[in-house]
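Summary of structural features
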Amino acid sequence: MAMLAVINPHNVSAQQLAQLHRYAGIGFLANLTNALILTLFLWSITDHIRLLLWLATVVAASGARLAYAHAHRRNVRGGLAGGNQSLMMLSLTAINGLVWGSTALFLHPALTEPYQLFLIFMLSITSAGALPLYIAAPATYLLYLSCVLVPMILVLLLGSDSVGYLMALMLVIFSGTLAITAWTMHHGLMESLHKYFGYQSLASVDGLTQLANRRTFDETYRDEWNRAARASLPLSVILIDIDNFKKYNDHYGHQEGDTCLREVANALGRCMRRSGDLVARYGGEEFVVVLYQMTGDEAARYAEQMREAVAGLGLVHERNEAGHVTISLGGATCIPHSRDNPDDLVRAADDALYRAKEAGRDQVCWKSILTT
Ligand SMILES: Nc1nc2c(ncn2[C@@H]2O[C@H](COP(=O)(O)OP(=O)(O)OP(=O)(O)O)[C@@H](O)[C@H]2O)c(=O)[nH]1
């Protein structure tokens, strides 16, 4: 379909999700290392079964998160807004956070003060260490942060001693700082992504009509040609030219001419119903359409629909025979072969367009090329 000069939100969102999955391996290792350090540190003073069970839960939870990220690495097109994916991600994040948060309930009360401080230290490190992994999704990070630290904050507040209150206050300030940092870094990431996709779309779109530009056509056409050649499937090119457009400009002025070009471009764009089809501004008042996997007859019918769609706009053009704006279309179809020259198909469409003009304009002419 025609490409528009707006940033495709799916591109940005897909990149966010890809970013989130990309660092899952590092997250897994960091989580495991922290859990091992805590286990070793508390080994001599805590019940071994309890510690080992907790360690196994850490491995299972972060392993599930890693496996999920791995399975969905290649499937990020729906982006972060991709319903079930997001829900699953949030659940796994919450479980991972709660595995750490639970230590406030089943480890902390049985520990003496220096070990309690060490546990709080480890929880802080774990929550801060996860920050770079969640830059793409700060809300998910906030969930993780809450699951890791809120249980400990509550336990400290309920403990009714002044040092505990102070520690709880410090943890709240610490969490707030992490949350602000996450949102600031997220803002930076989003700015870069928007800039990147903004530049990408500006470079591929025609400024006046918002259709794909000639460069995009050239690149896409080669790809489509190779794809059709590999699959031995038909490929069609249609060249479209507005009739007597010089007279339109001369009569109504260049600015009205620009408006007319935009109207025609929109009408052509609306005719593109399959996601792989491309309509582009070929140059001046000419447009080009590439249709994949359609027989010559089907593509010619498609071209006829485009002609009718533009005529149906009813844009007054007193200097044109029909009294309104019309287009002439020349199309060609072939089953490409890798040894053929892709330019031949465009040339054949151009010949057909010439015939359409010669035959009186406002019509479709077709040429089927048989390759050997
Ligand atoms: N307003 C406007 N006019 C353009 C633009 N690009 C090309 N044109 C005009 O399009 C006209 C093309 O004229 P010609 O190539 O003579 O063709 P035509 O008048 O359409 O005649 P036929 O093709 O034989 O029907 C020229 O007057 C160009 O100046 C543009 O971006 N805006």
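Residues numbered from 1 in each chain as written. Predicted model: local features only at pLDDT ≥ 70, side-chain atom pairs only at ≥ 80, totals over all residues. Heavy atoms only, no water.

The name that an unreviewed UniProt entry assigns to the protein is diguanylate cyclase, with the source organism given as Thiohalobacter thiocyanaticus. Recorded in UniProt under Cofactor (unreviewed entry), the annotation for the protein is "Mg(2+)". (UniProt positions renumbered as here; feature names shortened; annotations may be inferred.)

Description of the nonpolar core
Leu38, Trp100, Tyr141 and Met152 are the most contacted members of the largest nonpolar core, which has 46 residues in total. Mapped by element, the contributors of at least two residues to this core are helix 2 (24-42), helix 3 (48-72), helix 4 (83-101), helix 6 (113-129), helix 7 (138-158) and helix 8 (162-204). Those residues in contact with leucine 38, other than ones at most four positions away along the chain, are Trp54, Trp100, Phe118, Leu119 and Met122. (Core = buried A, V, L, I, M, F, W, Y, C linked by side-chain atoms within 4.5 Å. Buried < 20%, exposed > 50% of the residue type's maximum accessible area, 1.4 Å probe, protein only. Helix = DSSP H or I, 4+ residues; strand = E, 2+ residues; numbered from the N terminus. Contact = heavy atoms within 4.5 Å.)

Side note on the UniProt feature "transmembrane region" (unreviewed entry) in the protein
The UniProt record annotates "transmembrane region" (unreviewed entry) at residues 23-45, 51-68, 89-109, 115-134, 141-159 and 165-185. For residues 165-185, helix accounts for 100% and strand for 0%, while the C-alpha atoms at its two ends are 30 Å apart.

Notes on the site of the ligand
Asn244, Phe245, Lys246, Asp258 and Arg281 are the nearest of the 17 residues found near the ligand. Between an oxygen atom of the ligand and a side-chain N or O atom of aspartate 241, the distance comes to 3.0 Å. Taking lysine 357, its side chain carries an N or O atom lying 2.9 Å from an oxygen atom of the ligand. Expressed as a share of its isolated accessible area of 670 Å², the protein-covered part of the ligand is 67%. Looking at the shell around the ligand element by element, the count peaks at 4 residues for helix 11 (residues 254-271). Grouping the amino acids of the shell around the ligand by side-chain chemistry returns 4 nonpolar, 5 polar and 8 charged. (Near = heavy atom within 4 Å. Polar contact = N/O pair within 3.5 Å; in protein donor to acceptor, adjacent residues only side chain to side chain. Areas by Shrake-Rupley, 256 points an atom, 1.4 Å probe, with all protein chains shown as cover. Nonpolar A, V, L, I, M, F, W, Y, C, P; charged D, E, K, R; others polar.)

Some points on unusual backbone geometry
Backbone geometry at glutamine 210 places phi at a positive 65°, although glycine is not the residue there. With respect to the secondary-structure elements, glutamine 210 resides in the loop between helix 8 and helix 9 (214-231). The exposure class assigned to glutamine 210 is partly exposed, which follows from its relative accessible area of 31%.

Description of the pattern of salt bridges
Charged atoms that come close allow side chains of opposite charge to pair. The tally for this structure, following the rule as stated, stands at 12 salt bridges. The residue aspartate 206 makes a salt bridge to arginine 281 at a minimum N-O spacing of 3.2 Å. Placement of aspartate 206 in the loop between helix 8 and helix 9 and of arginine 281 in strand 2 (residues 278-283) is noted, with a sequence separation of 75 residues between them. Overall, arginine 281 belongs to the buried group, its relative accessible area being 16%. Where aspartate 343 meets arginine 222, a salt bridge forms, and the shortest distance between an N and an O atom there is 3.0 Å. Taken together, the residues span a long stretch of sequence, with aspartate 343 in helix 13 (residues 342-358) and arginine 222 in helix 9 at a distance of 121 residues. Of the residues examined, aspartate 343 reaches a relative accessible area of 31% and is grouped as partly exposed. Judged by its relative accessible area of 40%, arginine 222 is partly exposed. Here the salt bridges do not stand alone but share partners, grouping Asp241, Asp243 and Lys357 into one network. (Salt bridge = Lys/Arg side-chain N within 4 Å of Asp/Glu carboxyl O.)

Describing a nonpolar patch on the surface
Together, Val150, Leu154, Leu157, Leu158 and Tyr165 line one region of the surface with nonpolar side chains, adding up to about 490 Å² of accessible area. Counting residues per element, the nonpolar patch draws most heavily on helix 7, at 4 residues. If you trace the backbone, leucine 158 turns up in helix 7. (Patch = residues over 30% accessible without salt bridge, like charges linked within 9 Å, V, L, I, M, F, W, Y side chains within 5 Å.)

Remarks on the pairing of strand 1 (residues 235-242)
Buried residues dominate strand 1, accounting for 8 of its 8 residues. Residues of strand 1 alternate between two faces, with Leu235, Val237, Leu239 and Asp241 on one and Ser236, Ile238, Ile240 and Ile242 on the opposite face, all of them buried. For strand 1 and strand 3 (residues 286-292), the ladder comprises 7 bridges, and the chain directions are antiparallel. Of the residues in strand 3, the one forming a bridge with serine 236 is leucine 291. As paired strands, strand 1 and strand 4 (residues 327-334) are joined by 8 bridges and run antiparallel to one another. Looking at strand 4, one finds that isoleucine 238 is bridged to glycine 331. (Pairing = 2+ DSSP bridges.)

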